[in-house]
Amino acid sequence: MISKEQFLLRQPAAPEVTETDPYYLTLCNRLVDFARENNLFPSYPEKVVERCALTLIGYYQDVICDAGIWRSFITECRRLYNFTVPFYSQEDDYVDFELNEADVKFMVWYSLSMNYEPRRVCNPFDPELLEGAEKWYRELEKVYDESPLPVDYRLVHELEIHAEEDRPAIMKLANWLFLHCYLMTPAYALTLSEIASEYDLSSEDGILEMQKRLDISMWRDPTGPLALYLGEWLYLIIESKPAPEQQGGEEEKGPHKYYTSFTSYTQGKTMEFFSSYEDLNKFFIEALGWAQGEEHLPQIKGDSDFILMVDEQKGMLLARNIAKCIASPDNPLYDKEYAQNHAMDLLTERGCCPADLLKVICENGWLPDAHFPGSDDYNIVMKYWDFISRCYLQQYYRGD
């Protein structure tokens, strides 16, 4: 059973209890009980199902009063991708800012995937997931017209992002969005775990140091299923439009020295593949002019299947142990059988493939073998690769 304390942690007004909190806590536990009684999500631990119910009730509260968080998500999905809800969009049947079955399916997939490591890469069309989501949707649909307006979810209404008098309310909203909002917490869970592992949380000093690190993370790390930065989320939620793009920065310089050396040696190619460290090291010496007779980057000697790519402005990047997944016509190492088992890792495992390289690979259609476990529909990943990368990789995909 979800406790009052667990529920309040996800509420914008916490620790204050509002008059509608008991209703939504009861509804949340009703979903959990319904799942248990009807053997829904049988392969997931009950604690994971409870977190999923909490996430779904957060969405439900949002659409009941149009708080703006869900609205910002689907608006940005349409701007970026021309679809409303990843995987499940049925545009003709979709009603904006109301309860939709596609929304519930997505929120269930999102929460279960992000909160349960053994099945982190979960097929959105897994029958177990779809059955549970569809039945939960029916339960929410029964009470949709009678559910009270959750007053605490209206904290974004009538705020102006540049109004000085609204700054305290916006900062409160920012803290809640980043650490406790139903839409952000699932995607941020792994980042939070990575941060927590750096500190001794058995000591007061360790807890304080972690809190400082979280304060930095709040403005530096992207979050939510679209891996947006907090400033981007705030603009979408408060102003109902994307944040203005930052202007200025460094003036564009001439081609990077590695770009010039690389493309001169390869006759214009910007990507090369190497099966062994020895071949890679030879390229460093012959193409880039690195010192003769040395083993360069010796820390990667135990790896294989390398990719080198150059960018005219950013220079060179290196990826290892993934070349067999890349179906480039210039890649002699491509191994379809291997790729069918490992290509999805590039989109879901942080640090597996540099973001700039991953975008080039996917934009060129060179990852045709990536698929969700249990699915033979490769078109799902081909269509949603950018969204999947944002959701799973977060700062490893959108960070500089």
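Before going into details, it helps to say that this report is about the structure given with it. No experiment lies behind these values; they were computed from the predicted model shown.

Re the overall build of the protein chain
Within the protein chain one finds 17 helices and 3 strands. A burial count over the protein chain gives 52% of its 400 residues as buried. Counting only contacts in the protein chain whose residues sit at least 6 apart along the sequence, the fraction spanning at least 24 positions is 65%. As displayed, the protein chain offers around 19,300 Å² of accessible surface, 47% of which is attributable to carbon and sulfur atoms.

Focus: the packing of helix H15 (residues 355-363) against helix H16 (residues 378-393)
Following both chains from N to C, one finds H15 and H16 inclined at 155°, their axes separated by 11 Å at the closest point. Classified by the interaxial angle, the pair formed by H15 and H16 is roughly antiparallel. In this structure, H15 meets H16 at a crossing whose hand is right-handed. The residues of H16 that touch H15, namely those facing Leu358, Lys359, Cys362 and Glu363, are Trp385, Ser389 and Leu393. The residue makeup of the contact of H15 with H16, split by class, is 4 nonpolar, 1 polar and 2 charged.

Considering helix H10 (residues 230-239)
Of all the 10 residues making up H10, 7 are buried; the element is thus mostly covered by neighbouring parts of the structure. Structurally, H10 contributes buried residues whose contacts are with helix H4 (69-81), helix H7 (167-180) and helix H9 (204-220). A positive phi of about 60° marks Ser240, the residue just after H10.

A closer look at the pattern of salt bridges
Side chains carrying opposite charge are able to pair once their charged atoms draw close together. For the structure on display, the rule yields 26 salt bridges. Lys142 serves as the salt-bridge partner of Glu139, at 2.9 Å between the closest nitrogen and oxygen. You can see Glu139 and its partner Lys142 sitting in helix H6 (residues 127-143), 3 residues apart, about one turn around the helix. Salt bridges linked by common partners bring Glu101, Lys105, Glu134, Arg138 and Glu141 together as one network.

Considerations on the pairing of strand E1 (residues 271-274)
Of the two faces of E1, the one holding Met271 and Phe273 and the one holding Glu272 and Phe274 are both buried throughout. Bridge count between E1 and strand E2 (residues 306-311): 4 bridges; the pairing is antiparallel. Of the residues in E2, the one forming a bridge with Glu272 is Leu308.

Regarding the packing of aromatic side chains
Remark: the centre distance and the inter-plane angle together describe each pair of aromatic rings, the angle taken between the planes. The final tally for this structure, using the stated rule, is 28 aromatic pairs. Judged by centre distance (4.9 Å) and plane angle (70°), the ring pair of Phe87 and Trp109 falls under edge-to-face. Here Trp109 lies in helix H5 (residues 101-115) and Phe87 lies in the loop between H4 and H5, a separation of 22 residues in the sequence. Exposure class is identical for Phe87 and Trp109. Each is buried. One residue, Lys324, lies across the ring of Tyr338, its end atom 4.2 Å from the ring centre. Residue placement shows Lys359 over the ring face of Tyr397; its charged tip is 4.9 Å from the ring centre.

Some words on the environment of Tyr396
Here Tyr396 is to be found in helix H17 (residues 395-398). Apart from the residues lying within four places of it in its own chain, the contact partners of Tyr396 are Glu194, Arg350, Gly351 and Ala355.

Some details on the nonpolar core
Across soluble globular proteins, you tend to see nonpolar side chains buried next to one another. Within the largest apolar cluster, 124 residues are counted, with the highest numbers of intra-cluster contacts made by Trp70, Trp109, Trp136 and Leu183. In terms of residue count, helix H3 (residues 46-65) provides more of this core than any other element does, 12 residues in total. Setting aside chain neighbours within four positions, we find Trp109 in contact with Phe87, Tyr88, Cys122, Asn123, Pro124, Leu129, Phe372, Phe387, Cys391 and Tyr392. In this structure, Phe274, Leu280, Leu308 and Val310 belong to the second largest nonpolar core, which totals 13 residues.

A few points about the environment of Pro12
Relative to the elements of secondary structure, Pro12 occurs in the loop between helix H1 (4-9) and helix H2 (21-37). The spatial distance from the C-alpha of Pro12 to the C-alpha of Asp221 is 21 Å, given a sequence separation of 209 residues. Not counting residues within four places of it along the chain, the set of residues in contact with Pro12 comprises Asp152, Tyr153, Leu155, Lys172 and Trp176.

What about the environment of Ile322?
Note on placement: Ile322 falls in the loop between strand E3 (315-319) and helix H13 (336-342). Of the residues examined, Ile322 reaches a relative accessible area of 2% and is grouped as buried. A C-alpha to C-alpha distance of 9.3 Å links Ile322 and Tyr334, two positions 12 residues apart in sequence. If we skip the residues at most four places from it in the chain, Ile322 touches Asp305, Ile307, Leu346, Cys352, Cys353 and Leu357.

Observations concerning the sheet that holds E3
On the basis of which strands lie adjacent, the open sheet formed by 3 strands has the order E1-E2-E3 and antiparallel pairing. Two strands bound the open sheet, and with one partner strand each, they are E1 and E3. This sheet shows a mean twist of 15° between the axes of neighbouring strands, independent of strand direction. Across the sheet, helix H11 (residues 257-266) lies against E1, E2 and E3, angled at about 115° from E2, the strand it touches most. Its contacts with the sheet place H15 against E1, E2 and E3, and it is angled at close to 95° to E2.

Rules used in this analysis
Residues numbered from 1 in each chain as written. Predicted model: local features only at pLDDT ≥ 70, side-chain atom pairs only at ≥ 80, totals over all residues. Heavy atoms only, no water. Helix = DSSP H or I, 4+ residues; strand = E, 2+ residues; numbered from the N terminus. Buried < 20%, exposed > 50% of the residue type's maximum accessible area, 1.4 Å probe, protein only. Contact = heavy atoms within 4.5 Å. Areas by Shrake-Rupley, 256 points an atom, 1.4 Å probe, with all protein chains shown as cover. Axes fitted to C-alpha atoms, helices over the stretch in contact; angles between N-to-C directions. Parallel < 35°, antiparallel > 145°, perpendicular 65-115°, else oblique. Left-handed = near helix turned anticlockwise from the far one by under 90°. Nonpolar A, V, L, I, M, F, W, Y, C, P; charged D, E, K, R; others polar. Salt bridge = Lys/Arg side-chain N within 4 Å of Asp/Glu carboxyl O. Pairing = 2+ DSSP bridges. Phe/Tyr/Trp six-rings, centres within 6.5 Å; stacked < 30°, edge-to-face > 60°. Lys NZ or Arg CZ within 6 Å of the ring centre and 35° of its normal. Core = buried A, V, L, I, M, F, W, Y, C linked by side-chain atoms within 4.5 Å.

That is the geometry; function is a separate question.
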